[in-house]
Amino acid sequence: MLVEFAMQHAWLVPLLPACAFVVIVFLARPWQLLSAIVAVGSMATACFFATLAAIGIFTNHEYVEKPLVYATRWFSLGLPGMPDLRIDVGVQLDPVSAMMLFMVSFIATFIFLYSIGYMKGDPGYSVFFSYLSLFGASMLLLVLSSNLLQMFVAWELVGLCSYLLIGFYTHKISAREAAKKAFVTCRIADFGLLLGLLSLQIVFGTLNLTELAGKIEHFEEFTSFGMLTLIAVLVFIGPIGKSGQFPLHVWLPDAMEGPTPVSALIHAATMVVAGVYLVGRTMFLFHEVPSAMQLVAVTGGFTALFAATIAITQREIKRILAYSTVSQLGYMMLALGVGSLSASMFHLWTHAFFKALMFLGAGSVLTALHHKADVWEMGGLVKKMPITAWTFVIGGLAIAGIPPFAGFWSKDEILVSALNSGHYVLFAMAAFTAFLTAFYMWRMIFLAFFGAENPANHPQESPWTMTVPLLVLSVGACLAGLLGTPWHNVWGEWIRFGEAHEGPVNYGAMLLSIVLAGAGIFLAYTLYLKDAKKKRARKMAEWFGPVYRMLYNKYYIDELYLWFNHALVDGTAKLFYLFDIYVVDGIVNGIGAFARLSGDGLRVFQSGRLQNYVLVFFLGVLAVAVLMAFSGSTTAAGLVLGGVK
Amino acid sequence: MDFPILLAILLAPVAAALILAFVPREEHMLIRCIAAVGTFVSLALSLFAYFTYNQEIGGLQFVFGNNMPWIKDLGVTFFLAADGISLPMLLLTNLIGFSAVFASWNVNNRPREFFILLMLLITGVMGTFIAHDLFIFLLFYEVVVIPIYIMVVIWGSSKRVTKEYAGMKLTIYLLIGSAFLLVGVIALFVKTTAITGTPDMSFTGLAAAAQQLSPFDQTWLFALMLLGFGSLISMWPFHSWSPDGYAGAPTAVSMIHAGVLKKIGGYGLVKIALYMLPLGAKFWAPYMAVFGVIGVAYAAMGALAQKDLKYVVGYSSVSHMGYVILAVACMDVIGLNGAVANMFAHGVMAALFFSMIGFIYEKTHTRWIPDMGGLARQTPRLAVGFMLAAMASLGLPGLVSFIPEFTIFISAFNNYGGLAVVGIAGIIITALYVLRAGANTLFGPPRPEYDHLQDIKGPELVPLVVLGTVLVVGGFLPSLLFDMINSGVMPLHAAINDALQLGGNF
């Protein structure tokens, strides 16, 4: 009964936090605690409804093939009966969106709860909660969308919220620049996505997901294969930006400028996974175009490796986590590209838990150390902050891929699907990335939480509002992966594109990934904990000086973009402007000057002096007289009398 | 006869102006209140008209004076009427007019004369949108020019150029535009009268007669109108009055000018030039598209190079009008809907932008971006208004300007392909300059010299509340706007289409 209600009214899930936003902005803002309660309460209620809706979906196998869709007209142009353009808004509930709905609202609830403690004493406390609520609402709307334009709206609103939240500390120049960078970078990507959507609308005449899926299945009736490929590539540009794929990943590490709960929200549950989700949602499009799939896979695989190499050298705790997010998103894209929606969504799911956990853990550390972010200045935190440390360790085990923690199962799924689809190079890259991931994650953990304590620090464990979310999420990081073990893959039965395939269990790949993860952790252990005194790490950095510097400076991509923006774009703008004032305006002023000068010239004749007029008059009479004398009388008479005979 | 609602809307500000003339000049508060009441009555009535217009029936409604001959020999009647295209523009004028009164709340230099002129200005603009007679249309259009010039020269401000230059440039451009227009209109009138024999200046009459003109006549007539309306809507390369003019004008004039006055250009293009001369439009459409796209990209780049806030918005409005021209050039249902809707959306956004900049200037005495920063801490409400306008300017979904732009993009991409892509790329540059202006003005470390600033409050909040509400409501319920516009565009498009099909058989 209640389940049925939740399914039929799934739009309540995004609406509740949206209402919270309005209530906080207009009513509750002066009272901090009230604002927080409104935000957390609405998100928790949304989570409750989302859970019910998810229960409804995951108890009826029909929804795998036939999603529950209800929609209404948003606007239309042209005749009512046969519109030229009609855009619907609605809800599309199927296992994928139900899973996301639950995941986003669940994790957001705990991040909101955590923020109560984390943001204590901030002057923008209530505003922060209003932004968080809007952020949650936008993401939930995106998840539920039955129409691509509706999704795009939510997609941009998510971008707006991230802009507001990354730049939350408005007085900081770094925050301001980071926010702008995030928005503009995503804008560039959205330009591609928008072109893709326009083409889809023009070619197929609809943006409703289910209708598009039906039409694209036999796209030959509408368009050529080349056009479809172009559309797929254009659509994919959007996720490249939003999900921080190479080469538009630059904004994601800078997004650290926001308060830590925001980083957790952006990196784990919302925003960045939106890109992966969009590709997953439009699998029917990519599925028809193998070359686009290839592009997705290669982009993902490359990004995973690329970001992992940068993460090795970074020193700030949140920055390391940020690059690990980029890398993990690469995995998800890779999985989509090799055709496994199931593996991709599975990794998205497990990643949400352990990455939210680790970010919140990092936030707890930062609060304790008064925002000293360099891992080399930490050390031994486990003694004073046991809950934070041990939950962080669980997150570390999960992301490194140690069974039975969540990350192992999903990463294994991705590796196996890369292998099964014959992408051996990508498989090797992904496997090597797994090794790097274990290494840099545990480098951070050993440096920050173990080893000798830094006497300059006086850490304290955080209050319960912060530790409870850590504990809850760590349970998720332990168990979330058990849904999709290769022996009994419940996950794959429900969340898939096309047929569920039950292959033989690939013990080789499993063993390899355990060995690689173990090797990474062991290497980090020897370098940074056991033999830390020998300073081998520093020596290695010196040996590989240029490489180290290149990695530390993120391959200098930011500098390249900065140069491009400042020298090229601003330079061109300046040129345009100069052209405008000197050429276009020059012509306008020139015409004005011409009018004035010719006026000046003509003024000679309008002097107002009688003598001059008489002189002209006299000269005229003289001319007529001369004409009369030398020519026939008719001409002269005509001249004088105006042709009247 | 029904209550002549359009006439009442038109005359409310006139009445206010008349009363103002008899108010003692020292009674500043009374003066403002009378102006506010005058515009409020107009606004309320036009909202009423907007929501009681019957979209099912469509066509001309609230007709007034169609059988009231005024100049018989020229076929001029005082014909007022509204349809789905003029009602949004009328509403827009009133929304902005009402807000402009409050944005000028702190005008202390001869407020009585200021508000009298403002009332006349608003009346003139409204008149152009509800006139259904070309002569009356032109008459109202000329009414607009006079107050603008006086207001810029007396109450204006200047930086790069003097306000006298700005006022002169603005006025002369308007006049040159109207000169071309006048020639076009006279030629059209003479030609059609020669065909039908009975002089008729009403839109419908002219349009019906103009269909018998030869394609050649339509082409050069359209060219004249394009020059006239084009320079009014700041079509590239006739745009250079716009940044200078807005920068020199007082806030209320910038709001009205950028918000609605230049939309007369777009409105005229659609409802006069395109409607009466579809064959000419067909000929010029590709050129218009090119000019539109150049305008979008060129002005966006120009805006990127600005350091004066008003110049940023001035260039930005040229850029946005490029989309309108591009959309008109598409000549299909989606494009025309998008053109009208985008004029409405841009009007609300530009007016909000200019009112916020006006307040910033009033308080900080500067518009120079490098001299500002961190205002979000000191004046948070101003910052909200500014960011709202900025976000609308870059076409953020959820605000009123997104869907109009989206429809324009669909139509333009469909009709002009690669050319449209250049125009669509404008959204990136727009984001760049808008965010840069916002960030450097509002964010970053607060400056101690602005610590004493007072945030906007009381009457100063009206522009933010009124225009901000429209931005958000229009963004989430686009059908409120589009159903209305669509009901006006459909018959117009059908008429054009018929003419073009006939024209094809020539």
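Structure: see above.
Residues numbered from 1 in each chain as written. Chains lettered and ligands numbered in written order. Predicted model: local features only at pLDDT ≥ 70, side-chain atom pairs only at ≥ 80, totals over all residues. Heavy atoms only, no water.

A. Quick peek at the overall build of chain B. Along chain B, the regular secondary structure elements total 21 helices and four strands. Taken against the 2.2 N^0.38 rule, which gives 23 Å for 506 residues, the C-alpha radius of gyration of chain B at 22 Å falls within 12% of a compact globule. C-alpha atoms of chain B, sized along the principal axes, occupy 70 × 55 × 40 Å. For chain B, the proportion of its 506 residues judged to be buried stands at 69%. Of the contacts formed within chain B by residues at least 6 apart in sequence, a portion of 82% connects residues at least 24 apart. Accessible area of chain B: about 15400 Å², with a carbon and sulfur share of 69%. (Helix = DSSP H or I, 4+ residues; strand = E, 2+ residues; numbered from the N terminus. Rg over C-alpha atoms; globule rule 2.2 N^0.38 Å. Buried < 20%, exposed > 50% of the residue type's maximum accessible area, 1.4 Å probe, protein only. Contact = heavy atoms within 4.5 Å. Areas by Shrake-Rupley, 256 points an atom, 1.4 Å probe, with all protein chains shown as cover.)

B. Molecular detail of the overall build of chain A. Helix and strand counts for chain A stand at 28 helices and two strands. Against the globule reference of 26 Å for 645 residues, chain A gives a C-alpha radius of gyration of 33 Å, more extended than a compact globule. Along the three orthogonal principal directions, the C-alpha set of chain A runs to about 125 × 65 × 55 Å. Put simply, chain A has 645 residues, and 59% of those count as buried. Of the contacts made within chain A by residues no fewer than 6 positions apart, 80% connect residues no fewer than 24 positions apart. Surface accessibility of chain A: about 25800 Å² in total, with carbon and sulfur atoms responsible for 70%. Here chain A contributes 37 positively and 35 negatively charged side chains, and the mean placements of these two sets differ by 13 Å. (Lys, Arg positive; Asp, Glu negative; His and termini not counted. Charge placed at Lys NZ, Arg CZ, Asp CG, Glu CD.)

C. Expanded view of the packing of aromatic side chains. Taken as a whole and judged by the stated rule, the model has 54 aromatic pairs over all chains. Residues Phe5(A) and Phe49(A) carry aromatic rings whose centres are separated by 6.1 Å and whose planes lie at 50° to one another, so their mutual orientation is tilted. Pair noted here: Phe5(A) is in helix H1 (residues 2-8) and Phe49(A) is in helix H3 (residues 32-57), with a separation of 44 residues, a long-range link. Phe5(A) sits in the partly exposed class, given a relative accessible area of 33%. The positively charged end of Arg32(B) is found above the aromatic ring belonging to Trp105(B), 5.6 Å away from the centroid. Seen from the ring of Tyr361(B), Arg367(B) lies directly overhead, with NZ or CZ sitting 4.9 Å from the centre. (Phe/Tyr/Trp six-rings, centres within 6.5 Å; stacked < 30°, edge-to-face > 60°. Lys NZ or Arg CZ within 6 Å of the ring centre and 35° of its normal.)

D. Expanded view of a nonpolar patch on the surface. Residues and elements named next belong to chain B. Nonpolar side chains collect at one region of the surface, where Ile146, Tyr149, Ile150, Ile154, Met168, Ile172, Ile176 and Phe180 lie side by side and expose about 630 Å² of accessible area between them. When residues of the nonpolar patch are traced back to their parent elements, those giving at least two are helix H5 (134-155) and helix H6 (163-196). The topology assignment puts phenylalanine 180 in helix H6. Under the relative-accessibility criterion, phenylalanine 180 is labelled partly exposed at 32%. (Patch = residues over 30% accessible without salt bridge, like charges linked within 9 Å, V, L, I, M, F, W, Y side chains within 5 Å. Salt bridge = Lys/Arg side-chain N within 4 Å of Asp/Glu carboxyl O.)

E. View of the side chain of Thr229(A). All names here are of chain A. In this structure, threonine 229 sits in helix H10 (residues 225-242). Of the polar contacts made by the side chain of threonine 229, one reaches the backbone oxygen of phenylalanine 225; its length is 2.8 Å. The residues touching threonine 229, leaving out its near neighbours within four places in the chain, are Val289 and Ser291. (Polar contact = N/O pair within 3.5 Å; in protein donor to acceptor, adjacent residues only side chain to side chain.)

F. View of the packing of helix H13 (residues 272-281) of chain A against helix H17 (residues 341-368) of chain A. All names here are of chain A. One can describe the packing of H13 onto H17 by two numbers: an axis separation of 11 Å at closest approach and a directional angle of 160°. On the basis of their axis angle, the class for H13 and H17 is roughly antiparallel. Note on packing geometry: the crossing formed by H13 with H17 is left-handed. Residue-level contacts link Val273, Val276, Tyr277 and Gly280 of H13 to Leu341, Ser344, Met345 and Leu348 of H17. Grouping the amino acids of the contact of H13 with H17 by side-chain chemistry returns six nonpolar, two polar and no charged. (Axes fitted to C-alpha atoms, helices over the stretch in contact; angles between N-to-C directions. Parallel < 35°, antiparallel > 145°, perpendicular 65-115°, else oblique. Left-handed = near helix turned anticlockwise from the far one by under 90°. Nonpolar A, V, L, I, M, F, W, Y, C, P; charged D, E, K, R; others polar.)

G. Quick look at unusual backbone geometry. The peptide bond linking Phe246(A) to Pro247(A) adopts the cis configuration, its omega dihedral lying at 0°. Inspection of the secondary structure assignment puts Pro247(A) in the loop between H10 and helix H11 (251-254). Of note, the bond from Pro403(A) into Pro404(A) is cis; its omega dihedral lies within 30 degrees of zero at 5°. Relative to the helices and strands, Pro404(A) resides in the loop between helix H18 (386-400) and helix H19 (406-420). Of note in this structure, Met331(B) is not a glycine but carries a positive phi near 55°. For Met331(B), the position within the fold is in the loop between helix H13 (309-330) and helix H14 (333-364). Positioned with a positive phi, His365(B) is a non-glycine residue whose angle comes to about 60°.

H. View of the pairing of strand E2 (residues 83-93) of chain A. Residues and elements named next belong to chain A. One ladder, built from 10 bridges, connects strand E1 (residues 68-78) with E2; its direction is antiparallel. Bridged to arginine 73 within E2 is aspartate 88. Hairpin geometry of E1 and E2 is characterised by an intervening segment of four residues between the two adjacent antiparallel strands. (Pairing = 2+ DSSP bridges.)

I. Up close: the environment of Met43(A). Residue and element names in this part refer to chain A. Relative to the helices and strands, methionine 43 resides in helix H3. Relative accessible area serves as the criterion here: at 0%, methionine 43 is assigned to the buried category. Sequence spacing of methionine 43 and tryptophan 464 is 421 residues, and the spatial spacing of their C-alpha atoms is 19 Å. The contact partners of methionine 43, leaving out residues within four places of it in the chain, are Pro17, Ser105, Ala108, Thr109, Phe112, Gly136 and Leu140.

J. Structural view of the environment of Thr193(B). All names here are of chain B. For threonine 193, the position within the fold is in helix H6. Between the alpha carbons of threonine 193 and glycine 75 there is a distance of 9.6 Å; along the sequence they are 118 residues apart. Leave out the neighbours within four places in its chain, and threonine 193 touches Thr198 and Pro199.

K. Quick peek at the nonpolar core. Counting 438 residues, the largest nonpolar core has Leu93(A), Leu118(B) and Phe137(B) as the members making the most contacts within it. Each of domain 1 (343-552) and domain 2 (554-606) of chain A gives at least three residues to this core. Once residues within four sequence positions are removed from consideration, Leu93(A) is found in contact with Met7(A), Ala10(A), Ala53(A), Ile57(A), Pro67(A), Leu68(A), Ala98(A), Leu101(A) and Leu144(A). (Core = buried A, V, L, I, M, F, W, Y, C linked by side-chain atoms within 4.5 Å. Domains from an automatic or database assignment.)

L. Quick peek at the interface of chain A and chain B. Every contact between the two is made by 49 residues of chain A and, on the other side, 57 residues of chain B. There are one salt bridge connecting chain A and chain B. For the salt bridge of Asp483(B) with Arg73(A), the shortest nitrogen-to-oxygen distance reads 2.8 Å. Applying the counting criterion to the chain A and chain B interface returns nine residue pairs in polar contact (both at pLDDT 80 or more). Among the elements that line the side of chain A that touches chain B, the one with the most residues is helix H26 (residues 557-603) of chain A, at 15 residues. The residue makeup of the side of chain A that touches chain B, split by class, is 30 nonpolar, nine polar and 10 charged.

M. Geometry of the packing of helix H16 (residues 317-337) of chain A against H17(A). All names here are of chain A. Where H16 contacts H17, the two axes come as close as 9 Å, and the packing angle between them is 175°. Between H16 and H17, the interaxial angle falls into the category roughly antiparallel. When H16 is examined against H17, the residues Ile317, Lys318, Leu321, Ala322, Ser324, Thr325, Gln328, Tyr331, Met332, Ala335 and Leu336 are found in contact with a partner set consisting of Leu341, Ala343, Ser344, His347, Leu348, His351, Lys355, Met358, Phe359, Ala362 and Leu366. In the contact of H16 with H17, the residues fall into 14 nonpolar, six polar and two charged.

N. Local environment of the pattern of salt bridges. Residues and elements named next belong to chain A. Throughout the structure, instances matching the rule amount to 18 salt bridges over all chains. Glutamate 257 is paired through a salt bridge with lysine 172; the nearest N and O atoms lie 3.4 Å apart. Of this pair, glutamate 257 sits in the loop between H11 and helix H12 (260-269) while lysine 172 is found in the loop between helix H7 (148-166) and helix H8 (173-204), placing the two residues 85 residues apart along the sequence. By sharing partners, the salt bridges in this structure join Lys181, Asp254, Glu316 and Arg319 into a single network.

O. Here's a closer look at the side chain of Glu405(B). Mapped onto the fold, Glu405(B) is located in helix H17 (residues 402-416). Notably, Glu405(B) is buried but unbridged: the nearest opposite-charge side chain belongs to Arg187(A), and the N-O separation is 6.2 Å. For Glu405(B), the residues in contact, after removing those within four places along its chain, are His320(B), Tyr323(B), Asn342(B), Ser393(B), Gly395(B) and Ile427(B).

P. Expanded view of helix H12 (residues 278-304) of chain B. The end-to-end C-alpha distance of H12(B), which contains 27 residues, comes to 36 Å, matching closely the 39 Å that a straight helix rising 1.5 Å per residue would cover. Roughly 50° is the biggest bend found in H12(B), and it falls at Trp284(B), with proline Pro286(B) one to four residues downstream. (Expected span 1.5 Å × (residues − 1). Bend = angle between axes of the 7 residues up to and from the residue.)

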